[in-house]
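One letter stands for each residue in the lines below.
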Amino acid sequence: EWTGILVSNHASADDMMSAEYAKAEQLFSEQKYSEALSVFRQLAGYKESNEYIDKCIVLIRQNAQRGDVITFGKYEQNWGTNGKEDIEWVVLDNSNNELLLISKDYLDFRPYHSSKTNITWENSSIRKWLNSEFYDAAFDQEEKSIILLSHNINDDNKTFGTDGGNATDDYVFFLSVDEANKYV
């Protein structure tokens, strides 16, 4: 007669979550707040993950410097081959813990407008898409809660003699010519 113990070489779900939690805490202690935030978000509701999420957001805002790369949101960036990827953003400015970010890579390929016509930012197809479909696809409710609505003055483009149109309020927007010259 043989007596034995069945041993599983597969970690339990709790063991895996515990390991991920320890990894996130390590990233946090190394001041890699953006990376820690990404892991804690996957663990939302586990132990003190939600508190860490809040701390990471505050610390990212406080410590981000021009040129830093942070991850925020997820979006399919390689045309449907493997699901949504983390979006990497370059910090252009940190003023009073309000970050101005630009995506590190192209996120999608869209025309400025659906037809060839003189059109301002206010009425462009790309503005509508950025602030609806893209915004909804890329950011969860928690992320949306910290994205500020920006009031954009759309100055005329003196180089090309085009009308800037009316001011707009946007969550996601393209840099103005002046902003691009200043930051990029």
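Everything below is about the structure shown above.
Notes on the structure in this doc start here.

1. Some thoughts on the sheet that holds strand β1 (residues 69-75)
- Read from one edge to the other, the open sheet built from three strands follows the order β1-β2-β3, with strand pairing classed as antiparallel. Of all strands in the sheet, those bounded by a partner on one side alone are β1 and β3 (98-103). Direction aside, neighbouring strands of the sheet carry axes that sit 45° apart on average.

2. Here's the deal with a negative patch on the surface
- On the surface, Glu25, Glu48, Glu51 and Asp54 cluster together into a patch of negative charge.
- What makes Glu25 partly exposed here is its relative accessible area of 31%.

3. A short note on unusual backbone geometry
- Even without glycine at this site, Gln31 takes up a positive phi of about 60°.
- Here Gln31 lies in the loop between α1 (13-29) and α2 (33-42).
- Judged by its relative accessible area of 58%, Gln31 is exposed.
- A positive phi is found at Lys47, a non-glycine position, where the angle reads about 45°.
- With respect to the secondary-structure elements, Lys47 resides in the loop between α2 and α3 (49-63).

Conventions used here
- Residues numbered from 1 in each chain as written.
- Predicted model: local features only at pLDDT ≥ 70, side-chain atom pairs only at ≥ 80, totals over all residues.
- Heavy atoms only, no water.
- Pairing = 2+ DSSP bridges.
- Helix = DSSP H or I, 4+ residues; strand = E, 2+ residues; numbered from the N terminus.
- Axes fitted to C-alpha atoms, helices over the stretch in contact; angles between N-to-C directions.
- Patch = residues over 30% accessible without salt bridge, like charges linked within 9 Å, V, L, I, M, F, W, Y side chains within 5 Å.
- Areas by Shrake-Rupley, 256 points an atom, 1.4 Å probe, with all protein chains shown as cover.
- Salt bridge = Lys/Arg side-chain N within 4 Å of Asp/Glu carboxyl O.
- Lys, Arg positive; Asp, Glu negative; His and termini not counted.
- Charge placed at Lys NZ, Arg CZ, Asp CG, Glu CD.
- Buried < 20%, exposed > 50% of the residue type's maximum accessible area, 1.4 Å probe, protein only.

Everything listed here is a matter of geometry and, on its own, says nothing about what the molecule does.
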